[in-house]
Amino acid sequence: MRLHELTIHGALELLRRREISATELTQALLDRIVDVDNDIKAYLTLTPETALQEARKADELRAAGTDGALLGIPLAIKDNICLAGVPTTCGSRILESFVPPYDATVVTQLRHAGAVFLGKTNLDEFAMGSSTENSAFFTTHNPWDLTRVPGGSSGGSAAALIADEALGAFGSDTGGSVRQPASLCSIAGMKPTYGRVSRYGLVAFASSLDQIGPLGKDVTDCALLLNVIARYDPRDSTSLDAPVPDYTTALRPEIKGLRIGVPREYFAAGIQPGVEKAVRNAIQVLADLGADIAETSLPHTEYALPVYYLLATAEASANLARYDGIKYGYSATDAPDIWEAYRRTRQHGFGAEVKRRIMLGTYALSAGYYDAYYLKAQKVRTLIKQDFDQGANLLSFQIVSIVIAR
Amino acid sequence: MALTREEVEHIADLAKLGLSEEEIETLREHLSAILEYAAILERLDTDAIPPTATVLPLRNVMRADKPASSLPQADALDNAPSTAEGYFQVKAILE
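Residues numbered from 1 in each chain as written. Chains lettered and ligands numbered in written order. Predicted model: local features only at pLDDT ≥ 70, side-chain atom pairs only at ≥ 80, totals over all residues.

Glancing now at the interface of chain A and chain B. Facing the 48 residues of chain A at the interface are 40 residues of chain B. Of all the secondary structure elements, the ones that give two or more residues to the side of chain A that touches chain B are helix 9 (304–319), helix 10 (338–349), helix 11 (352–365) and helix 12 (371–390) of chain A. In terms of residue count, helix 12 of chain A provides more of the side of chain A that touches chain B than any other element does, ten residues in total. Across the side of chain A that touches chain B, the residue classes tally to 25 nonpolar, twelve polar and eleven charged. (Contact = placed C-beta atoms within 7 Å. Helix = DSSP H or I, 4+ residues; strand = E, 2+ residues; numbered from the N terminus. Nonpolar A, V, L, I, M, F, W, Y, C, P; charged D, E, K, R; others polar.)

Next up, the structure:
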């Protein structure tokens, strides 16, 4: 049996029937990583010794009669999520040496559920990018075609999962960074509603947009992963204290009667014909299965991207101000004074894309421009939100129209 | 909206970001192009529209003023490039 090819729900069934052990399952994933990751390069850091310890612990617990939502399940974690004692680089030279002294809340929750951690996956630097090419260390390759990118910024997590280098994975999504690489690697991935999942221990990019999201080989696995991480966290002041359903009850075998809204603005000028065809074909499949398809309108769609460019970069410029070489990370030691030390640390520690976003965000917040850019973008955000509030009776979906670049 | 070199240098100073000559010019071009694109927002009349800072209904979330343990000092200093006597060591700020 090729254990690395299992889904989470498949593995849990075999584990619960004592047909496989957590130790052999983790060993199979570690062997698989050795086989393929030199070509795919999904992982930045591997933790094989602790993974096997965690797997052995899971076997002991199960033998003693304990179960857990993810007991013995090996996972990959994007490298902007803190695992205590394991390097968290955010794909950046400025945090190349950073070892967090604490676990992210999501990691704590996963530990309680019995999960095993295989390692940290590659990403665009500070989650800024959509191809994983902005990692300061190396690019991850799409396992379907190694000459192509896996998408981003959670490209390492998506690639690891489709290549069977983990049974499940976590990434972060600010403007599509879980959903897009999941799509480009042909796996399931989602962005939970903002506030549903704790951001404590997720290195901040844009505080009003960031969310940790699960990636799974199928939607059932995503539901199982979301069940573990969706809950109120008092350590995150943007965490919503709302009841958490069992997401597996939302898995429906019947498409018949599902109402899907297709915003006409999503088929914008410039959409690549191949992409439009693929999306319309998918809509037709759903229609043939009995879904109720209706054209709808989200009139402010064309303003979403400029709003995102201004708000996300403004928030990022504030969140990345902490990288000054004083408390952690790369530090320029040859500077004559503190101000030059800050400048050189950040000049040499940050990559080009990160610098571009810090600069744009700083400008949008600066005196004399705050109203015209940042405040304006927040007001347009209200209009965009109102479009969705009015169309709330119809499900709609996001189309990201891109082609996987070589 | 074309930025001048001086504006780029000013923003870099606000962000405490050192830039090479090449980077200043490249950023001047890129930022100008992005701001040009973002000017599309001016088409919308937003005078009567309130800003959305967060989609959640939460405001001023506080915790109870109850003491609890926090990160041990040694752990907090562990990643620092320069420490002295239990403090983060920095270059002088004042003369």
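Residues and elements named next belong to chain A. For helix 8 (residues 273–288), built from 16 residues, the straight-helix expectation of 22 Å at 1.5 Å per residue is met to within 8% by its first-to-last C-alpha distance of 22 Å. By the criterion of burial, helix 8 is predominantly exposed, with just zero of the 16 residues buried. Two residues or fewer past helix 8, G290 is found with a positive phi of approximately 105°. (Expected span 1.5 Å × (residues − 1). Buried ≥ 20, exposed ≤ 12 C-beta atoms within 10 Å, placed from the backbone.)

Right, let's get into the environment of A341(A). Locating A341(A) in the fold gives a position in helix 10. The exposure class of A341(A) is buried, given the 22 C-beta atoms found within 10 Å. If we skip the residues at most four places from it in the chain, A341(A) touches G325(A), A332(A), A335(A) and K91(B).

Now for the pairing of strand 6 (residues 211–216) of chain A. Looking down a regular strand, the side chains alternate between one sheet face and the other. All names here are of chain A. Taking burial as the measure, the six residues of strand 6 include six buried ones, the bulk of the element. A two-sided burial pattern is seen for strand 6, the buried positions comprising Q211, G213 and L215 on one face and I212, P214 and G216 on the other. Sheet topology note: the strand 5 (residues 188–189)/strand 6 ladder contains two bridges and is antiparallel. Its bridge partner lying in strand 6, G189 is registered against L215. (Pairing = 2+ DSSP bridges.)

All names here are of chain A. For the pair helix 9 and helix 11, interaxial distance at closest approach is 7 Å and the crossing angle is 100°. By the angle between their directions, the pair helix 9 and helix 11 is classed as roughly perpendicular. Contacts between helix 9 and helix 11 involve Y309, L310, T313, A314, A316 and S317 from the former and R357, I358, L360, G361, T362, A364 and L365 from the latter. For the contact of helix 9 with helix 11, the per-class residue count stands at eight nonpolar, four polar and one charged. (Axes fitted to C-alpha atoms, helices over the stretch in contact; angles between N-to-C directions. Parallel < 35°, antiparallel > 145°, perpendicular 65-115°, else oblique.)

Residue and element names in this part refer to chain A. Domain assignment breaks chain A into domain 1 (3–250) and domain 2 (253–406). Computed over C-alpha atoms, the centres of domain 1 and domain 2 are 22 Å apart. Residue-level contacts link 31 residues of domain 1 with 22 residues of domain 2. Split by residue class, the side of domain 1 that touches domain 2 holds twelve nonpolar, 14 polar and five charged. (Domains from an automatic or database assignment.)

Across soluble globular proteins, nonpolar side chains show a tendency to be buried alongside one another. Counting 112 residues, the largest nonpolar core has L75(A), V116(A) and L310(A) as the members making the most contacts within it. When residues of this core are sorted by domain, at least three fall in each of domain 1 (3–250) and domain 2 (253–406) of chain A. Beyond its immediate sequence surroundings of up to four residues, L310(A) is in contact with A364(A), Y373(A), Y374(A), A377(A) and A38(B). (Core = buried A, V, L, I, M, F, W, Y, C linked by C-beta atoms within 7 Å.)

Residue and element names in this part refer to chain A. Along its 16 residues, helix 3 (residues 48–63) runs 22 Å from first to last C-alpha, staying within 8% of the 22 Å computed at 1.5 Å per residue. When we look at burial in helix 3, the residues that qualify are A51, E54, A55 and A58. Taken around the axis of helix 3, the buried residues stretch over an arc of 100°, which confines them to a single face. Summarising the geometry of helix 3, the exposed residues directed more than 90 degrees from the buried face are E49, E60 and A63. In the core, the buried residues of helix 3 are packed alongside helix 2 (22–40), strand 2 (74–78) and strand 3 (116–121). G65 sits one or two residues past helix 3 and shows a positive phi near 95°. (Arc of directions from axis to C-beta.)

Right, let's talk about the pairing of strand 4 (residues 168–173) of chain A for a bit. Residues and elements named next belong to chain A. Among the six residues that make up strand 4, six are buried, leaving the element largely enclosed by the rest of the structure. Burial along strand 4 is two-sided: the face carrying G168, F170 and S172 and the face carrying A169, G171 and D173 are both buried. Taken together, the three bridges between strand 2 and strand 4 define a ladder with parallel strand orientation. In the sheet register, I77 faces strand 4, and the bridge partner there is F170. With six bridges connecting them, strand 4 and strand 6 associate as antiparallel partners. Among the inter-strand pairings, G171 is bridged to a residue of strand 6, identified as G213.

Before going further, it helps to examine unusual backbone geometry. Omega for the bond connecting G152(A) with S153(A) falls within 30 degrees of zero, at 10°, which places this linkage in the cis form. Relative to the helices and strands, S153(A) is located in the loop between strand 3 and helix 5 (155–162). Unlike most non-glycine residues, K41(A) shows phi in positive territory, near 60°. Take K41(A): it is sitting in the loop between helix 2 and strand 1 (43–46). You can call K41(A) buried: it has 23 C-beta atoms within 10 Å. Residue K16(B) is not a glycine yet carries a positive backbone phi of 50°.

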